[in-house]
Every structure is written in structure tokens, then in C-alpha cells.
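Letter by letter, the chains look like this.
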Amino acid sequence: MQQVEADSSVPEETATTAGVRWFPRIVTLAFLIIVVDQLTKFWATSTLSGGRSREILGDLLSLRLLYNPGAAFSIGTGHTWVFAIIAAVAVVAITRAAWRVRSRAWALALGLMLGGATTHLLDRLFREPGFARGHVVDFIDYAGFFVGNVADICLVVGGVLIVLLYLRGIDLDGRRGEH
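The structure displayed is predicted, hence computed values, not measured ones.

**Q** How should a nonpolar patch on the surface be read in this particular structure?
**A** Together, Val156, Val160, Val163, Leu164, Tyr166 and Leu167 give the surface a local cluster of nonpolar side chains, amounting to about 600 Å² of exposed area. Along the chain, Val160 falls in helix 5 (residues 150-167). Take Val160: its relative accessible area is 46%, and that puts it in the partly exposed class.

**Q** What is the right way to read the pairing of strand 2 (residues 61-68) from this model?
**A** For a regular strand, side chains alternate in direction, first toward one face of the sheet and then toward the other. Direction of pairing for strand 1 (residues 53-57) relative to strand 2: antiparallel, over a ladder of four bridges. The partner of Leu57 across the bridge, within strand 2, is Leu61. Linkage of strand 1 to strand 2, two consecutive antiparallel strands, is achieved through a turn of three residues, within which Gly58 is found at a positive phi near 60°.

**Q** How do you make sense of the confidence of the model for the protein chain when you look at a structure like this?
**A** Detailed reading of the predicted coordinates is not advisable wherever pLDDT is low. Per-chain confidence: the protein chain averages 87 in pLDDT, with 83% of residues scoring 70 or above. The low-confidence segment residues 1-19 (pLDDT under 50) makes 15 contacts with residues lying over four places distant or belonging to another chain.

**Q** What's the story with helix 2 (residues 23-47) in this structure? I'm lost.
**A** What sets the pattern is the α-helix's 3.6 residues per turn: residues three or four places apart point alike. For helix 2, with 25 residues, the first-to-last C-alpha span of 36 Å sits near the 36 Å given by 1.5 Å per residue. Every buried residue of helix 2 is listed here: Phe23, Ile26, Ala30, Ile33, Ile34, Asp37, Lys41, Ala44 and Thr47.

**Q** Could you clarify how one ought to interpret the pattern of salt bridges in this entry?
**A** As a working rule, side chains carrying opposite charge can pair if their charged atoms are close by. Taken as a whole and judged by the stated rule, the model has four salt bridges. Asp123 is the salt-bridge partner of Lys41, the closest N and O atoms lying 2.3 Å from each other. Residue Lys41 is found in helix 2, and its partner Asp123 is found in helix 4 (residues 104-126); the two are separated by 82 residues along the sequence. Taking the relative accessible area as the measure of exposure, Lys41 reaches 0% and is therefore buried. Residue classification places Asp123 among the buried positions, given a relative accessible area of 0%. The network of salt bridges with shared partners includes Asp37, Lys41, Asp123 and Arg127.

**Q** Is there a simple way to explain the environment of Ala90 in this structure?
**A** As for its position among the elements, Ala90 is in helix 3 (residues 80-98). C-alpha separation for the pair Ala90 and Met113, spaced 23 residues apart in sequence, amounts to 8.8 Å.

**Q** Quick question: what am I supposed to make of the environment of Arg175 here?
**A** Here Arg175 shows up in the segment after helix 5. Judged by its relative accessible area of 42%, Arg175 is partly exposed.

**Q** Just checking my understanding: could you explain the environment of Asp123 for this structure?
**A** For the pair Asp123 and Val136, spaced 13 residues apart in sequence, the C-alpha separation works out to 5.4 Å. Excluding its chain neighbours within four sequence positions, the residues that come into contact with Asp123 are Gln38, Lys41, Gly134, His135, Val136 and Val137. Of the polar contacts made by the side chain of Asp123, one reaches the side chain of Lys41; its length is 2.3 Å.

**Q** What exactly am I supposed to notice about the nonpolar core here?
**A** The tendency in soluble globular proteins is for nonpolar side chains to be buried as a group. Ile26, Ile94, Val101, Trp106, Leu110, Leu114 and Leu172 are the most contacted members of the largest nonpolar core, which has 24 residues in total. Looking at this core, the elements with two or more residues in it are helix 2, helix 3 and helix 4. It is helix 4 that provides the largest number of residues to this core, a total of nine residues. Contact partners of Ile26, with chain neighbours within four places excluded, come to Ala98, Val101, Ala107, Leu110, Gly111 and Leu114. Judged by nonpolar contacts, the second largest core, of seven residues, contains Leu48, Leu63, Leu65 and Phe139.

The rules behind each value
Residues numbered from 1 in each chain as written. Predicted model: local features only at pLDDT ≥ 70, side-chain atom pairs only at ≥ 80, totals over all residues. Heavy atoms only, no water. Patch = residues over 30% accessible without salt bridge, like charges linked within 9 Å, V, L, I, M, F, W, Y side chains within 5 Å. Areas by Shrake-Rupley, 256 points an atom, 1.4 Å probe, with all protein chains shown as cover. Salt bridge = Lys/Arg side-chain N within 4 Å of Asp/Glu carboxyl O. Helix = DSSP H or I, 4+ residues; strand = E, 2+ residues; numbered from the N terminus. Buried < 20%, exposed > 50% of the residue type's maximum accessible area, 1.4 Å probe, protein only. Pairing = 2+ DSSP bridges. pLDDT = per-residue confidence, 0-100. Contact = heavy atoms within 4.5 Å. Expected span 1.5 Å × (residues − 1). Polar contact = N/O pair within 3.5 Å; in protein donor to acceptor, adjacent residues only side chain to side chain. Core = buried A, V, L, I, M, F, W, Y, C linked by side-chain atoms within 4.5 Å.

Given below as C-alpha cells:
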């Protein structure tokens with residue numbers, strides 16, 4: 001039996017997971033995020049309606065229901081349909097990139113991003129006041145600075161992971177590239 005020496009230019013993670021298709025795992029993670037996000041939004045709309053709020057960590061963290069027609073910090077509230085298009089483009093771009101992933105870290109990052117972007121797109125498409133004009137349900141209040149949801153948390157964590165991977169020079173295939 002012939003022994004083959006491992007290629008030392010390939011990081012260990014890629015060498016041990018070579019040939020593994022990460023796409024189904026990315027889609028599964030995204031699906032779980034969508035389910036959790038939508039269930040928590042359902043809970044928030046049924047429990048926190050009528051202006052009710054709940055303190056979690058004093059003034060630092062509380063739960064209060066808002067319907068956000070804009071982007072982060074309610075920017076662009078008059079252009080909700082634009083955010084629906086942006087979310088759709090993001091979902092397509094992330095899905096295309098996910099086909100090329102051969103790295104556990106990139107799979108996690110893109111799964112978080114895909115789940116967050118998809119659930120925001122669903123809100124824009126199917127929530128009131130109408131198709132492609134829907135408002136995103138926000139309910140996690142961070143000390144009055146901003147109010148978000150589970151999808152926002154996933155988008156931020158996924159975005160930070162992508163920046164870290166980029167700064168470390170790790171490509172979608174897990175190899176170190178030049179940036």
C-alpha cells in the first residue's frame with residue numbers, strides 16, 4: 001500500500017475536511033436561524049404588544065416590541081422596498097458563495113449571514129403593511145441604543161467572523177490567500 005504525504009500548504013482543517021460538502025450544513029444552520037427568529041418574533045408580537053416591556057438586565061437589556069420599516073437604527077424608513085431588494089440580493093450572493101465553502105469557519109459565518117438575511121427578507125415580503133413593504137419585528141432593546149432581533153445578532157456575529165477570516169487571510173476553501 002502506498003503512503004501519501006499530506007500537503008503542508010493546506011491548513012489542517014481543510015486537509016481533514018477535504019471533499020466535505022459544507023453547503024447542506026450552511027443551509028441547515030440558516031434554516032434553524034429562520035425558525036428560531038420567526039418563533040421569537042411570534043412570541044414577541046403576542047407577549048409584548050400594547051406597549052408592554054420586560055426588563056432582563058435592568059436598563060442594559062430589555063424586551064420591547066417595535067416594527068422597523070427601515071434598516072439599522074431605522075435608517076431609510078420610507079424606502080422599505082429597497083431593503084427587500086437588498087435582502088434578496090444578499091441571500092442570492094451568500095448562497096452562491098456557500099457553494100464554494102470548504103472551511104468550517106466560513107460555513108458558520110455564511111450560515112449565520114444566510115439565516116439572518118433570509119429571515120429579514122421574509123419579514124419584508126410577508127409582514128404588514130404589505131408585500132415588499134413589510135416591517136421587521138424588533139424586540140431586544142440594548143440599553144435604548146437600538147432594538148433588534150435574533151436575525152440581527154446572527155448577522156453581526158457572521159459579519160464579525162467574515163472580517164476576522166478575511167484579516168487572517170483565510171479563503172472560502174480554508175486556505176490562506178493573499179489579501
